[in-house]
Amino acid sequence: MGQGVLGATTLSVKAATKQYGDFHALKDCSLDVRAKTIVSIVGPSGCGKTTLLWAMSGLNPLTSGEVILDGTPITRPRPEVGLVFQEANLLPWRNLMDNILFPFEIKGQKPDRAWIDHLLERVSLKGFEKSFPNELSGGMQQRASIVRALSLQPSVLLMDEPFGALDAFTREEMNQLVEEIWLETKTTIVFITHSIEEALFLSDQVVVLTPRPGRVLNIYDVPFERPRTLEIMSSKAVFDLTNRIKADIYSQHTARRAAAE
Amino acid sequence: MSKDVVGGKVGKGLQSLSTFGSGTTRLEVFAIIATAVIVIGGLELALRWFEVPLYILPPPSAIVKGLIKDFPLILPHLGHTLVVLLSGFAIGAGVGMFLAALITQFPFAEKIIAPYILILVTTPMLALVPLLILRFGFGYEPRIIAVALASGPMVMINSATGFRRVDANKIALARSYGASTLQIFWKVRAPMALPMILVGLMIGAIFGLLTAVGSEMVGGGFGLGNRLTTYSSMIRMPEFFGVVLILSFLGILIYVIFFLIGKKWASWET
Ligand SMILES: Nc1ncnc2c1ncn2[C@@H]1O[C@H](COP(=O)(O)OP(=O)(O)O)[C@@H](O)[C@H]1O
Ligand SMILES: [Mg+2]
């Protein structure tokens, strides 16, 4: 399998199908995620992005098909896979530090304090350990949830529209943070978003998903160097890629409208 | 969506519980004390001025005097009432919380049981006391059972509302770290339910107090309720109102205790 320049396939989705009754949330989705890369999944609401990600995390089993991580099928949550939810999903009755320690409590495992401290420093949350979620801004909450996911040092990080609820500026900051964290840890990341800009800024590959049934329409390589400067991001190449992905999504809109008539 | 609405309601419930005593300025404290002095003092003066007989409404000074004079006699009865209230409430609240936690795991069973719980909540358990006395005599048992029956369903119905507030994402979070059903219960469901459980415990305790005093009035020779019937039959109104004063103090104490617990453990809700 894809033993290319970017390294071996680590996470592989094979003919994933998920049915809710007669409804196909996913149908025959296949994609490979290579180690130490960032792959984004874009697509309109309801096209099965969350369903696909939860299947990758082992939270929600597929109707048929499989997800394979480093050679073994994923059938239930695995410690080497971290998950960041759509909203920060912090437990409101715990302060920030206790939220970060939550996974360790569940696993009965001793937390690596030095690593957690380093992560907190990294996302500028030092000094907020005792704060409760309702005292933190949306961006801070989402940063805390990223620290929580990274605290267990996963080899794969799954992120489900993590910055969807944030304002545009905070969102750009967060994108840079993810890039920095990736440059430091080289964690394999699967990143769901509905922002093409965000996908192109972060990813090595962009997977376009289309709805009803959820299918992989196209996969684009994004071969730009990192860190991705404003210059790269405003280049003709990025502009062209943006348009091609937009065309993919719009073609689906028109196809669906035509089918409806 | 609906989850937010429920959360909002609970939040508001706790908020209205906590408006009392939160963020009071010195001026407000002064106004509160001044009002109390005027009301109590005014009552005292008015009752004396119009020469209202003691057996209709004794003035505050007479009530306090009567209370102090008879306090050594009243004290053991207060103890009896507290024993009835605390043991009945402990049993009722424990069973109520347990059943709520259990039943919300099985929505189907919950639907079947719900009407019976509603009947238990809405029927005044005092009605059962004469029957319980026939069966258990004039001791502690019928009273404790009545208190448990009065407070338990209240605790249960509110706790169940709390346990039903499941947030699929928070449970998925725990599951993603391999949490067991038991861990999910103790680390996600229970803390999430806590604000509603506290509301239930408070209402349950107040209902328990009502039922304890009521059942003491129905039969048996001890307890604050018994004091009320005794003093009123002897037309010793200052002492009678003295006991009423103790009862309001107990009610306020229950409120304050749960208010403080809520402030410490459930303040994240507001
Ligand atoms: N538990 C479920 N039962 C029935 N339908 C579901 C369930 N979960 C998701 N779906 C449906 O599957 C489709 C894909 O959902 P989802 O994966 O959440 O989409 P996305 O994350 O791309 O917005 C949607 O149409 C949604 O209504
Ligand atoms: Mg989604």
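Keep in mind that what you see is a predicted model, and the values were worked out from it rather than measured.

**Notes on the pattern of salt bridges**
Residue and element names in this part refer to chain B.
Then, in step 1: With the rule as written, the count across this model stands at 18 salt bridges over all chains.
Then, in step 2: Between D167 and K170 there is a salt bridge, with its nearest N and O atoms 3.1 Å apart.
Then, in step 3: By relative accessible area, which is 10% here, K170 ends up buried.
Then, in step 4: One salt-bridge network, held together by shared partners, links K69, D70, R236 and E239.

**With respect to the site of ligand 1**
Residues and elements named next belong to chain A.
Then, in step 1: Neighbouring ligand 1 are Y20, F23, A25, S45, G46, C47, G48, K49, T50 and T51.
Then, in step 2: In this structure, a nitrogen atom belonging to ligand 1 sits 3.4 Å away from a side-chain N or O atom of Y20.
Then, in step 3: A distance of 3.1 Å separates an oxygen atom of ligand 1 from a polar atom in the backbone of G48.
Then, in step 4: Considered on its own, ligand 1 offers 560 Å² of accessible surface; in the complex 60% of this is hidden by protein.
Then, in step 5: Breaking the shell around ligand 1 down by element, the ones donating at least two residues are β2 (23-34) and α1 (49-57).
Then, in step 6: Looking at the shell around ligand 1, the element that brings in the most residues is α1, giving three residues.
Then, in step 7: For the shell around ligand 1, the class distribution of residues is four nonpolar, five polar and one charged.

**What to know about the environment of B:W265**
Then, in step 1: Inspection of the secondary structure assignment puts B:W265 in helix α10 (residues 237-265).
Then, in step 2: As a C-alpha pair, B:W265 and B:P195 span 70 residues in sequence and 8.1 Å in three-dimensional space.

**Remarks on the packing of helix α5 (residues 129-136) of chain B against helix α6 (residues 140-163) of chain B**
Residue and element names in this part refer to chain B.
Then, in step 1: Axis separation between α5 and α6 bottoms out at 8 Å; the angle between their running directions is 140°. As summarised for this structure, α5 and α6 are arranged oblique, according to the angle between their axes. In terms of crossing hand, the pair formed by α5 and α6 is right-handed. Residue-level inspection shows V129, L132, I133 and F136 of α5 in contact with α6, the latter providing E141, P142, I145 and A146.

**Some words on the interface of chain A and chain B**
Then, in step 1: With 20 residues of chain A at the contact, the number on the chain B side is 17 residues.
Then, in step 2: Summed over both sides, the interface of chain A with chain B buries roughly 1900 Å², with 66% coming from carbon and sulfur.
Then, in step 3: On the chain A side of the interface with chain B, the three residues burying the most area are A:L59, A:W93 and A:I106, jointly 34% of the side's total.
Then, in step 4: On the surface where chain A and chain B come into contact, there are one salt bridge.
Then, in step 5: Between B:K187 and A:E105 there is a salt bridge, with the nearest N and O atoms lying 2.8 Å from each other.
Then, in step 6: Where chain A packs against chain B, one counts six residue pairs in polar contact (both at pLDDT 80 or more).
Then, in step 7: Listed by contribution, the elements that provide at least two residues to the side of chain A that touches chain B are α2 (96-107) and α4 (138-150) of chain A.
Then, in step 8: Counting residues per element, the side of chain A that touches chain B draws most heavily on α2(A), at five residues.

**A closer look at the nonpolar core**
Soluble globular proteins: nonpolar side chains tend toward being buried together.
Then, in step 1: One finds A:L11, A:M56, A:L158, A:M159, A:L200 and A:I245 to be the most contacted residues of the largest nonpolar core, which totals 94 residues.
Then, in step 2: No other element matches α2(A), which puts seven residues into this core.
Then, in step 3: Contact partners of A:L158, with chain neighbours within four places excluded, come to A:L11, A:L53, A:M56, A:S57, A:V81, A:G82, A:L83, A:V84 and A:V190.
Then, in step 4: Formed by 44 residues, the second largest nonpolar core is a distinct cluster that contains B:V84, B:I103, B:F185 and B:I246.

**Structural notes on the pairing of strand β10 (residues 215-221) of chain A**
All names here are of chain A.
Then, in step 1: Pairing of strand β9 (residues 205-210) with β10, which is carried by six bridges, proceeds in the antiparallel orientation. Looking at β10, one finds that L209 is bridged to V216.
Then, in step 2: If you look at the hairpin formed by β9 and β10, you'll find four residues sitting between the two strands, and R212 has a positive phi there, around 45°.

**Some points on the environment of B:V84**
Residues and elements named next belong to chain B.
Then, in step 1: If you trace the backbone, V84 turns up in helix α3 (residues 60-103).
Then, in step 2: On the accessibility criterion, V84 (0% relative accessible area) is buried.
Then, in step 3: With 60 residues separating them in the primary sequence, V84 and I144 have C-alpha atoms 5.2 Å apart.
Then, in step 4: With residues near it in sequence (within four places) discarded, V84 still touches F89, Y140, R143, I144, V147, A212 and E216.

Conventions and cut-offs
Residues numbered from 1 in each chain as written. Chains lettered and ligands numbered in written order. Predicted model: local features only at pLDDT ≥ 70, side-chain atom pairs only at ≥ 80, totals over all residues. Heavy atoms only, no water. Salt bridge = Lys/Arg side-chain N within 4 Å of Asp/Glu carboxyl O. Buried < 20%, exposed > 50% of the residue type's maximum accessible area, 1.4 Å probe, protein only. Near = heavy atom within 4 Å. Polar contact = N/O pair within 3.5 Å; in protein donor to acceptor, adjacent residues only side chain to side chain. Areas by Shrake-Rupley, 256 points an atom, 1.4 Å probe, with all protein chains shown as cover. Helix = DSSP H or I, 4+ residues; strand = E, 2+ residues; numbered from the N terminus. Nonpolar A, V, L, I, M, F, W, Y, C, P; charged D, E, K, R; others polar. Axes fitted to C-alpha atoms, helices over the stretch in contact; angles between N-to-C directions. Parallel < 35°, antiparallel > 145°, perpendicular 65-115°, else oblique. Left-handed = near helix turned anticlockwise from the far one by under 90°. Contact = heavy atoms within 4.5 Å. Buried area = accessible area lost by both parts, 1.4 Å probe. Core = buried A, V, L, I, M, F, W, Y, C linked by side-chain atoms within 4.5 Å. Pairing = 2+ DSSP bridges.

That is the geometry; function is a separate question.
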